[in-house]
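Residue-level structural notes
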Amino acid sequence: EDKVVQSPLSLVVHEGDTVTLNCSYEVTNFRSLLWYKQEKKAPTFLFMLTSSGIEKKSGRLSSILDKKELFSILNITATQTGDSAIYLCARGGSNYKLTFGKGTLLTVNP
Amino acid sequence: DTGVSQDPRHKITKRGQNVTFRCDPISEHNRLYWYRQTLGQGPEFLTYFQNEAQLEKSRLLSDRFSAERPKGSFSTLEIQRTEQGDSAMYLCASRGWTEKETQYFGPGTRLLVL
């Protein structure tokens, strides 16, 4: 069975802190690793990673993939209350369908 | 707005009734996916269309569920004889042709079966 495991499942931090979210996956039919942010609505796309060791960056968010160790991390620096959300990791497999982890619930307190 | 759209956004129904949801993908996207998300879980894959062809179905998609994409544009997902366990958010996503494309999600249809 395809599995994507995210950790931690929940995290509470203060504004300004840096957080690292983890995602490990199984390799079967691997095509890509994606990160989404979900507030009280549908997931919004953050990053797609296909190559190992290449960091993708967007403002205070960055992500990197390690295809040898089968994991990815999502970093958020200088967190803001607006970063509070569920962060979903997904593995793209056959037909590019996505297998999601359970998500990490991030709460950023002022 | 040229994103993925879904209709309705919310649906409340009684157990045993049939419901149908619609998804309009991004216009140039030929690949369309349906997912289901319950509380505390990530979205789970239900089915996949490439143009009008339904190429993959999850074992989650019981006989009561059927999906179509008759002209390769919009898609419908029908649930017959709804059960309380069908209560969930039903998400549609679309994707274009190339390797470097990603999936973009619609706002979802939240179904509550009483």
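A brief report on the enclosed structure follows. Keep in mind it's a predicted model, so treat the numbers as computed, not measured. (Residues numbered from 1 in each chain as written. Chains lettered and ligands numbered in written order. Predicted model: local features only at pLDDT ≥ 70, side-chain atom pairs only at ≥ 80, totals over all residues. Heavy atoms only, no water.)

A word on the overall build of chain B
Rules: By definition, any uninterrupted DSSP run of H or I lasting at least four residues is a helix, any uninterrupted run of E lasting at least two residues is a strand, and each is numbered from the N terminus. Taken over C-alpha atoms, the radius of gyration is set against a globule rule of 2.2 Å times the number of residues to the power 0.38. Buried residues are those whose accessible area, probed at 1.4 Å on protein chains only, stays under 20% of the maximum for their type, while exposed residues exceed 50% and partly exposed ones sit between those limits.
On a plain count of helices and strands, chain B comes out with zero helices and 11 strands. Counting helices and strands in the order they occur from the N terminus, chain B gives β-β-β-β-β-β-β-β-β-β-β. Against the compact-globule benchmark of 13 Å for 114 residues, chain B has a radius of gyration of 13 Å, which places it among compact chains. Counting only C-alpha atoms, chain B reaches 40 × 25 × 25 Å along its principal axes. Burial analysis of chain B (114 residues in total) assigns 47% to the buried set.

Remarks on unusual backbone geometry
The amide bond that connects Ser7(A) to the next residue, Pro8(A), takes the cis arrangement and shows omega of -10°. When you line up the elements, Pro8(A) lands in the loop between strand S1 (4-7) and strand S2 (10-14). Backbone torsion omega between Asp7(B) and Pro8(B) reads -5°, so that peptide bond is classified as cis. Note that Pro8(B) resides in the loop between strand S1 (5-7) and strand S2 (10-13). Positive phi, normally seen in glycine, also occurs at Tyr96(A), with a value near 60°. For Tyr96(A), the position within the fold is in the loop between strand S9 (85-92) and strand S10 (98-100). What makes Tyr96(A) buried here is its relative accessible area of 9%. Although it is not a glycine, Asn51(B) adopts a positive phi angle of roughly 55°. Inspection of the secondary structure puts Asn51(B) in the loop between strand S5 (44-50) and strand S6 (53-57).

Here we look at the state of the cysteines
For clarity, the cut-off: Here, two cysteine sulfur atoms that lie within 2.5 Å of each other are counted as a disulfide.
Under the counting rule described, the total for this entry stands at two disulfides over all chains. Across the disulfide from Cys23(A) sits Cys89(A); the S-S distance is 1.8 Å. On the sign convention where negative is left-handed, the bridge of Cys23(A) and Cys89(A), at about -65° about the S-S bond, is left-handed. You can see Cys23(A) sitting in strand S3 (residues 19-25) and its partner Cys89(A) sitting in strand S9, a full 66 residues away along the chain. Here Cys23(A) matches Cys89(A) in class, with each residue buried. Between the sulfur of Cys23(B) and that of Cys92(B) lies a disulfide, 1.9 Å long from S to S. Residues Cys23(B) and Cys92(B) share a disulfide whose torsion about the S-S bond is about -65°; that sign makes it left-handed. Of the two residues, Cys23(B) sits in strand S3 (residues 19-24) while Cys92(B) sits in strand S9 (residues 88-95), which places them 69 residues apart along the sequence. Of the residues examined, Cys23(B) reaches a relative accessible area of 0% and is grouped as buried. Using a relative accessible area of 0% as the deciding quantity, one classes Cys92(B) as buried.

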